[in-house]
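Okay, here's what each chain looks like letter by letter:
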Amino acid sequence: MTRLLLLAALALLTACMTLPGSDTPAASRYLLVSTAQDCEPGGEAISLSIAGVNAGLDNDRIARLDATTGELSYLKDVRWADELGLMLKQQLAGDLECRGFTVMSGHRHKLGQPRLLCEVRAFNLLRDGRDLGDVAFSCVLSQAEGERSIITRHSVPLERWNADAAVAALSQAYGEVVDDLIDGMR
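Here the structure is a predicted model, which is why all the values come from computation and not from measurement.

J.: I would appreciate a short explanation of the packing of aromatic side chains in the present structure.
T.: Scanning the entire structure with this criterion turns up three aromatic pairs. Taking the centre distance of 5.8 Å and the plane angle of 70° together, the rings of Trp-80 and Phe-123 count as edge-to-face. Taken together, the residues span a long stretch of sequence, with Trp-80 in strand S4 (residues 72-80) and Phe-123 in strand S6 (residues 115-127) at a distance of 43 residues. Phe-123 shares its class with Trp-80; the two are buried. Grouped by ring-pair contacts, the aromatic residues Trp-80, Phe-123, Phe-137 and Tyr-174 constitute a single cluster.

And the structure:
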């Protein structure tokens, strides 16, 4: 009898148990959509590093900054495919390779080889009277001739308020930042 009661209690307990996170739906994961259309691989070798990502952004969450209050929040159940710094490093390497560079993105680089060192100042949604995808990079290009600063920022309005439109605006702003970056490197 005791065994029967124990089995019945165990069956009732297992029916009520859920694993942590099993009640919430899986988060939607996004990658940037590259705007590069004509790919010209090969060319000048360059070393690429993302030296830092602004506070609150170096994770896999899509951030939203309120410009008036400074409050940083995150979209619910919407995430990047990887941590922002890693994802941007790979995306930027691919975009540079499509624009005629051969990119080394490891932490080592050859002495005398040009080096692009970037910090991500903004990569978030911005609430500033309207919703914008806001992207800003601050980069230093080190070459044999010296160093050159390339600072670029673009904001693109969201067509509507949803995750797809948010990622599309961020992708477009990123593409414009990359265009400025390439122009500054030539």
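J.: Help me understand the state of the cysteines, please; the structure alone is not making it clear to me.
T.: By definition, a disulfide links the sulfur atoms of two cysteine residues through a covalent bond. One pass over the structure, following the stated rule, counts two disulfides. Across the chain, the disulfide pattern expressed with sequentially numbered bonded cysteines is 1-2, 3-4.

J.: Looking at this structure, I do not really get the nonpolar core. What am I missing?
T.: Membership of the largest hydrophobic core comes to 43 residues, with the highest contact counts inside it found for Trp-80, Leu-116, Phe-123 and Phe-137. Among the elements that make up this core, the one with the highest residue count is helix H3 (residues 163-185) (11 residues). Residues contacting Leu-116, with those up to four places away along its chain left out, are Ile-46, Ser-47, Leu-48, Ser-49, Leu-96, Cys-139, Val-140, Leu-141, Leu-181 and Met-185.

J.: I tried to follow the packing of helix H2 (residues 84-97) against H3 on my own but got confused; where do I start?
T.: A pair of packed helices can be characterised by two numbers: the angle between their axes and the separation between those axes. For the pair H2 and H3, interaxial distance at closest approach is 11 Å and the crossing angle is 55°. Relative to H3, the element H2 lies oblique. For the pair H2 and H3, the crossing hand works out as right-handed. Across from Leu-88, Gln-91, Leu-92, Asp-95 and Leu-96 in H2, the residues of H3 making contact are Tyr-174, Val-178, Leu-181, Ile-182 and Met-185.

J.: Teacher, can you tell me more about H3 here?
T.: Think of an α-helix as 3.6 residues a turn; residues three or four steps apart then line up on the same face. The terminal C-alpha atoms of H3, which comprises 23 residues, lie 33 Å apart, in line with the 33 Å expected from a rise of 1.5 Å per residue. Backbone nitrogen of Asp-164 and a side-chain oxygen of the N-cap are separated by 3.2 Å at the start of H3; the cap is Asn-162.

J.: Looking at this structure, I do not really get the environment of Ser-28. What am I missing?
T.: Note on placement: Ser-28 falls in strand S1 (residues 28-30). Accessibility expressed as a relative area gives 36% for Ser-28, which makes it partly exposed. In this structure the C-alpha to C-alpha distance between Ser-28 and Trp-80, which are 52 residues apart in sequence, comes to 8.2 Å. With sequence-adjacent residues up to four places away left out, Ser-28 is seen in contact with Asp-77, Val-78 and Arg-79.

Calculation notes
Residues numbered from 1 in each chain as written. Predicted model: local features only at pLDDT ≥ 70, side-chain atom pairs only at ≥ 80, totals over all residues. Heavy atoms only, no water. Phe/Tyr/Trp six-rings, centres within 6.5 Å; stacked < 30°, edge-to-face > 60°. Helix = DSSP H or I, 4+ residues; strand = E, 2+ residues; numbered from the N terminus. Buried < 20%, exposed > 50% of the residue type's maximum accessible area, 1.4 Å probe, protein only. Disulfide = S-S within 2.5 Å. Core = buried A, V, L, I, M, F, W, Y, C linked by side-chain atoms within 4.5 Å. Contact = heavy atoms within 4.5 Å. Axes fitted to C-alpha atoms, helices over the stretch in contact; angles between N-to-C directions. Parallel < 35°, antiparallel > 145°, perpendicular 65-115°, else oblique. Left-handed = near helix turned anticlockwise from the far one by under 90°. Expected span 1.5 Å × (residues − 1). Polar contact = N/O pair within 3.5 Å; in protein donor to acceptor, adjacent residues only side chain to side chain.

Interpretation note: all reported values are geometric properties and have no functional meaning in isolation.
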